[in-house]
Amino acid sequence: MDFNFREMRRLDRYKLMTSTIVPRPIGFVTSLSKDGIVNAAPFSFFNGMASEPPTLVLGLETYADIAPVKDTGDNIRDTGEFVVALVSEDIGDQMNLCSTSFPPEVNELEEAGLTALPAVDVAPPLIAEAPVNFECKRTTALEMSGGSKIIVGEILRMHIKDEFVDMEKLYVDTPALKLIGRMHGTGWYARTSDLYELKRPNSPAARKLMDEPPALDGEKETSE
Ligand SMILES: Cc1cc2nc3c(=O)[nH]c(=O)nc-3n(C[C@H](O)[C@H](O)[C@H](O)COP(=O)(O)O)c2cc1C
């Protein structure tokens, strides 16, 4: 079977895409309205996309006719700032609750019983219960022809709970984060607990990078 996406209804394409492009990580995004109201909503059209500068993207499914805005999109457009928290199993229910369409004046973190913590470089809060939070600044946004929006952001700062990271080696105990991923349908999720290893083929270029990591700009200046 093959499907010609250009001849299909948007909802049908969406169904096929979201039941095959799985599991998707979930970015649980906080942002602030112009009036300073906290908004929180999950997005699984989400991923890290580049490391220089450190970049992530969010895909907002807005519909020109029936649902032209998402508060997250408006807030990021207006303020240029957001925080992306990662979702562990133990905050799955709260994340799910925040996907409800609350009116813009409702603080969704409070509704879900989650705790806001001040961020360092941006105004929207971190989610205290999340194992990882990324503070982000909007880089750009693509307004797609059908109404969808893709927000591109630079990660300014990462927060990770101390218990998950070995500061000396920058080794993260990823399985211990217990992150969940979005699967098919409206309510299926995957745990990140069924893992196996594929050894990477030996790449001379990758080995060189590990053995001789490039210096940071500041380091270059001081060593000259
Ligand atoms: C796990 C999960 C993933 C979601 N992913 C997306 C997504 O990638 N894009 C999107 O537009 N909506 C997504 N939604 C729906 C939004 O969270 C929902 O529309 C929310 O109300 C938007 O909130 P806002 O108007 O406060 O921004 C998702 C919902 C859930 C539960």
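Residues numbered from 1 in each chain as written. Predicted model: local features only at pLDDT ≥ 70, side-chain atom pairs only at ≥ 80, totals over all residues.

(A) Region of the structure containing the site of the ligand. What surrounds the ligand is a group of 17 residues, the closest being Ala-41, Phe-45, Glu-61, Thr-72 and Ser-99. Of all the secondary-structure elements, those providing two or more residues to the shell around the ligand are strand S3 (38-43), strand S5 (54-60) and helix H2 (71-79). Take the shell around the ligand: its biggest share by element is 4 residues, from S3. Looking at the shell around the ligand, its residues break down into 6 nonpolar, 7 polar and 4 charged. (Near = placed C-beta within 6 Å. Helix = DSSP H or I, 4+ residues; strand = E, 2+ residues; numbered from the N terminus. Nonpolar A, V, L, I, M, F, W, Y, C, P; charged D, E, K, R; others polar.)

(B) Highlighting the sheet that holds strand S1 (residues 24-25). The 3 strands are arranged S1-S13-S14 in an open sheet whose pairing can be described as antiparallel. The open sheet is flanked by S1 and strand S14 (189-191), the only strands paired with a single partner. Of the strand pairs in this sheet, S1 and strand S13 (residues 180-182) are connected by 2 bridges, and their pairing is antiparallel. Among the inter-strand pairings, Pro-25 is bridged to a residue of S13, identified as Gly-181. (Pairing = 2+ DSSP bridges.)

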